Every structure is written in C-alpha cells, then in structure tokens.
Amino acid sequence: MKVFFTILICKLLRLAGKAVGHGSSLPGQIALKLCPDILSRVKLPQYIIAVTGSNGKTSTVEMIAHILKKNGKRVSWNKEGSNQIEGVTTLVLSESTLGGRVKSDILLIESDERFARYTFKYITPTHYVITNLYRDQLTRNGHPEWVFDALKDSIHDETELILNADDPLVSLFGVGRKAVYFGADKLESDTAELNSVYNDGAYCPACKAPMKYTTHHYNHIGHYACTSCGYKRQPTSYTITSVDLDKGEMVIDGKYTITLALKSLYNIYNILSAYTVASIIGIDGEKIARDMSDYVLKNGRVITFELKSRKGTLLTSKHENSVSYDQSIRVASACKEGCDVMFIVDAVSRKYFTSDVSWLYDIDFEMLNNENIGEIILSGRYFNDLAARFSYTDIPSEKIRIIPEIEKAVDYLDSDRKEYIYVITCFSDKGKFLEKLKGDKR
Amino acid sequence: MKILHLYHDFMNLYGEWANVRALERLLEKNGISFSTDKLSLGDSFEPEDYDFIYVGSGTERNRNVALEHLRPYKDKFGDYIEKGKVALFTGNSFEMLGKSITTADDTIIEGLGLLDATVKEQNKTRITSDVIYNADFLSKPLVGFINKCGRLEISGDKLFDVEYGLGDSEGAKTEGVRKNNLFGTHLTGPALVKNPHFLVYLAELLIGQAPDDSSLGYEKAGFEVTLKALKERAGAER
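As the structure is a computational prediction, the values presented were derived from the model and not from experiment.

Participant: Looking at this structure, I do not really get unusual backbone geometry. What am I missing?
Facilitator: Leaving glycine aside, a negative phi is the common case for residues, and trans is the common case for peptide bonds. Located in the positive-phi region is Gln 137 of chain A, a residue other than glycine, with phi close to 45 degrees. Examined against the element boundaries, Gln 137 of chain A turns out to sit in the loop between strand E4 (127-130) and helix H7 (138-141). We note that Asp 106 of chain B has phi near 70 degrees; this positive angle belongs to a residue other than glycine. Residue position: Asp 106 of chain B is located in the loop between strand E5 (100-102) and strand E6 (108-110). A count of 8 C-beta atoms within 10 Å places Asp 106 of chain B in the exposed class.

Participant: Looking at this structure, I do not really get the interface of chain B and chain A. What am I missing?
Facilitator: A common way to express how large an interface is: the accessible area buried when the components associate. Taken residue by residue, the interface counts 32 residues in chain B and 29 residues in chain A. Elements represented by at least two residues in the side of chain B that touches chain A include exactly helix H1 (17-29), helix H2 (60-70), strand E8 (127-134), strand E9 (142-148) and helix H6 (217-237) of chain B. The element that contributes the greatest number of residues to the side of chain B that touches chain A is H6 of chain B, accounting for 9 residues.

Participant: Help me out: how do you make sense of the pairing of strand E13 (residues 310-316) of chain A in this one?
Facilitator: Regular strands place their side chains on alternate faces of the sheet. Residues and elements named next belong to chain A. Sheet analysis places strand E12 (residues 302-307) next to E13, joined by 6 bridges and oriented antiparallel. Within E13, the position partnered with Phe 305 by the bridge is Gly 312. Between E12 and E13, which pair antiparallel in sequence order, lie 2 residues; one of them, Lys 308, sits at a positive phi of approximately 50 degrees. Pairing geometry for E13 and strand E17 (residues 420-425), over 5 bridges, is parallel. Paired with Leu 314 across the strands is Val 423, a residue of E17.

Participant: In this structure, what is going on with the pairing of strand E1 (residues 47-52) of chain A? I would like to understand it.
Facilitator: All names here are of chain A. Counting buried positions over the 6 residues of E1 gives 5, a clear majority of the element. The sheet contact formed by E1 and strand E3 (residues 106-110) spans 5 bridges and is parallel. For Ala 50, the partnering residue across the bridge sits in E3 and is Ile 109. Of the pairings in the sheet, the one linking E1 to E4 comprises 4 bridges and is parallel in character. Following the sheet pairing, Val 51 is matched in E4 by Val 129.

Participant: Mind showing me how you'd approach the nonpolar core here?
Facilitator: Taken as a class, soluble globular proteins show a tendency for nonpolar side chains to be buried jointly. Counting 111 residues, the largest nonpolar core has Val 341, Met 342 and Ile 424 of chain A together with Leu 23 and Leu 199 of chain B as its most contacted members. Core analysis: the second largest hydrophobic core is formed by 81 residues, Ile 48, Val 61, Ala 165 and Val 277 of chain A among them.

Thresholds applied
Residues numbered from 1 in each chain as written. Chains lettered and ligands numbered in written order. Predicted model: local features only at pLDDT ≥ 70, side-chain atom pairs only at ≥ 80, totals over all residues. Helix = DSSP H or I, 4+ residues; strand = E, 2+ residues; numbered from the N terminus. Buried ≥ 20, exposed ≤ 12 C-beta atoms within 10 Å, placed from the backbone. Contact = placed C-beta atoms within 7 Å. Pairing = 2+ DSSP bridges. Core = buried A, V, L, I, M, F, W, Y, C linked by C-beta atoms within 7 Å.

Given below as structure tokens:
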C-alpha cells in the first residue's frame, strides 16, 4: 500500500510540476521522504544502464535513447538531466505502474558522479558506463581521484562495467571486475606528445610511477602503460578505427562509417560509448551507424547563429572544466577559413557561487596562437582574469580585445569582418549572449 | 637567483604552475637574472642551491608519495628554513612539513616534523570555500579558494586571519603558517596571480627591494573584482 501511495503521489506531483514548469527532482524528493527505500521496492526492467563520468553523460544518454527507440525498444531515461537520486526517483516512479513495475524495456540513468553511491544503493545497474574522469568543477568535486573514490562505492560486483580504455583513471575501475572496454586506435589526429597545460596521465593511477604514452588522442586520453607496475591500456571490444574530422567521418570496428554532425573528438567518444551500449543490448552495428549518422544532439549545446552578415557558432563549454574548453578551442583553432573567438566568463556557475578562476590556468589557450585565429574577444565580469591568463600565452596582444560588457562585445562582433565567429562560454553565461542576439534581431 | 619548482608535474592540481610563472615574469620585468629548475619524483636536489622553493597542491595520494620523496631532505630543508630562505607551499603540500597526517582510512603518516602541525582527513565531504584572508605583512586582503579534506591543528605563527570562509579547520580564525620565510597556506591555484600584492611581497624578500609592479595591471584589477564579489557574497550570507 505504501508503494502504491508513494508512486501515486510522485506521479501527481510530477504532473502538477510539469503543468507549472517545475524541475523534476521535487516529486522524487518527496517520494523518498515517504518511503526511503522505494527504489528497491519497484520492479525494474531487464536492462538498467547507468551512465556517469565528468563529460558527455547527457549527450551519451541522449544518443543511447535515440538508437534504442529507433530500434523499437521502450526506454525510460532522465532526459531533463536531473541526475541525482531525487531526479532518478522521479523518473523511475513516473514510468512505473501503480503496482510498482517500470513499464519500459530499458531503464537508462544518467548519474552525477559524486552522488552515484546514493542512487545505486537501491538500484543495481546491469551495465554501468563510465565515460571519463577529468578536472571538472573542482570547487565542488575536489579532484578526479576524489571522484574516483566516491564512484567506486557506487559499483556493485554483479554490474558489468563499460569503460573508456583510453582514460587511465577510468580503466582502473576494471581491475578485478567484470568490464568491457571501448576506445580509439591510433588516430590521424593523434599527437606523440601531450597537448595540454597539465598532464593527468603523467603518473600511474595505480602505483604513481611514471607512465609512458605511445599516442595521445587529446589531453591525457590515449594509449598508456605504467613503467613500473604493469598497469596499461586494455584491449578494446568496441573501437574507433579511424576518424577524418575534416570530412566529418568516423569508422567503428573497421566497418561501420558514421557521418558526424559535430566534428569533434569529444563527440566521437560519446558516439562510441552509445554504440557500445546499443551493441551489447543486441542491436546490429550497421543499424546503429545508420541511426547515428548526422545525428544532431537535441540538448542545444552547439548553436549556430547569424549576426547580420556574419555567421558563427556558440560552443557551450563548461567553466571549471579545462578539457571541455580545450575541445572547443581545438574546433576554433582548426577553422582554416579564419575565425574570431569570443570568451565570456561572467558567472562561474549557474548552480552555486564561487569566484574561483584557477581553472583558467588549466586551459590550453596557447592553441589559439595560429594563423586561423583573427581576433580574440574577452568579456564578462571576470574579463581581467581572462586577460591576465592570456598574458601568460605567446598570443600577440594586438589580437586580443577586451570588452567587459557582453552586450558591447556583441555589438563589436557585429561588424563588416568576414571571419566566422566562435563564442566559447558556459551554460551559466550563454543566455546573456543569446538574449543580446535575439534583442538585436527584433 | 635560483628558483626550484618542486613536483611541478605531480603537485599541480589547480593551475599552480602559474605561481612560478608569475614570479619569473615579475623578475624578468625587473631585470633580475634567474634560472628555474623544475624537478619531480626521481630527481635529487640540494635545497641550499636555491633562493626560492615552491610546491603546489596535489591529490591526497600524490601528496603522500611526494612526502616519501621529500623525506630524505628533512634536515637540509630544515636548515634552509632556519636560514630564513624563502619557500612557498600552497594547498595540501605544506601538510608534508608537519608532524603527521592521518588519512581517511586511519593510516598515520609521519611528516617531516619541521612544523608543529597535524592533519586528520576524511573521505565523505570535500571541504571547499571561497575565502578572504588578511595578513599583517600585506596592506590588502587576500582572495582565494580552499579545497581539502582534512582538519589542521597547528601551533606557531599563523599566516593569515580569516575574514570570510574557512580557515585551518571549521570555525578557525586563522589559516596557514609562517616560519621565518617559509609560507604555508591551503590557498589553491595561482594564488600569486590572484593576489599580486603577495607576489610583490615575496619578490621583495628575494631581491631586497620593492619591485616595479606596473606589469601587474590585469592581476590587480582582477583581484579587486574578486574581492568585491566575495564581499558581496559575505554580506548576503550575513
């Protein structure tokens, strides 16, 4: 009876919440108060797939859901990105019958890294994808090893791990456990030396002796081996065998070609992890490749825009996440037609307060020191910190324009210049840019 | 002038490399000739060869490994401090210099014993905080961020008074330690870029006169913006 009422109340709150446009965590929060172990009292489907990691969780989950639905599976997933236990509870109960049975074939859960141990106390995933562990929101997360330790507590012995073989810290979860690995062969875009301000792969995560890389895909993601304890990259069961970013194509397992709507290495890893999950569930590789080709993410992180005669793209990146910035900067710096780049740091986070800008020093802005880049515009409340950071690069100062107010920076971009525009900023600040764009169109 | 950036690739968790780079650039602008050694695990060194030694933050595991590497230098580094030579340890790195570190699994690791300090760690909640500190040797406050998992008990000369945010432990009114010209603080990241007046103070200790700081315009303006943001925040929380 308790289960019935808890589910009923959660469903009603969810409906009411939807009607007034509320978020999806409150109904779950109340359900957990009514019945703290409600998640273990619900009958869950055959497949429970969890996805976590620093970057790409939302995109990966969206892609997995897309493929599965295209192939006739009924999928329940937290599409609004409420990825802590409350949001997951709302998801599970909303998708349940009043008798307490989840109606779908597959329960797909995006989970926050630090709080996964609470969510998966009551739910045992059949499969658990860990995409990567980067320096991400360190003002809350501490550091990647701290997150590793927190995540470790969320893993059940019977769960099959699906791990990124190219991330040394993520792969460490597989030691002594059931695990399947995905990763990329040596790619044309790889470098022998690390291209990053810092190197989180310099030392072995298992024994702290120096590691050697034979190839770097990006940052510390690549092919590594410890010089001391024998820890090394595992062979992969699902593999990116080649990538042509100029052409916008990737090949998985040597036979499935996927055309890319978004030409970044980031994106190909998200596609690969989605491919891996769909393959494990039994969907044919060819079908997955077809479903993923030219797939445009619906989460609005990449937005193209026009500013009178100029065209541009907003690359939503994450403040406090240098790998995310590095990826966006890599896209801009590869723009052979020439581009201007604008950075906005106005509010470090939309969810909490911090004034910490240390993360700017982990970003490899030096990549912008090439002939493809025209002007670099720095804007937002923390423009001085951006300017100070750029002063520690070799980028000529005459390329840099400092325009503190975002509106004025947009007015400045609205010029006769022909260069493409990349705007690189975070969820917390992109609205200020987009509003100004919209205002100008009126 | 010889600078040592120790564990540059191992204790560099929050962009700490910029502390050394900021000092180098200020010395360059002031026409001071210097060289920098970047050393790490597996390297050996003579502390007395240097005029400035810097170590930044690392993960708890990295700090423990670095401590074992630093252990044989206990006496030589102790002499370095006694002679009044300048060293800056930021983040959790200065915990290596205390008496002991008790890790989250209750392992007790003996420190170098150069400071009268003990640390007790836990692994449940990350201890983080934006902060405003004051120092009696600086005319302006300091801004920054604390990011750790331990409680520090320390006696000796305190480095900073807490104006906003966390100190050595919950409720503590002070943060960090100063012993002669050894500065130990849990401030993380490029603290010398965020607090150019602290950078200038250290440079003055090194070169014996106030350096020309006219090259620090963005740093100074950035400091004021952050100080304002933190004061607003402190006011809102009151």
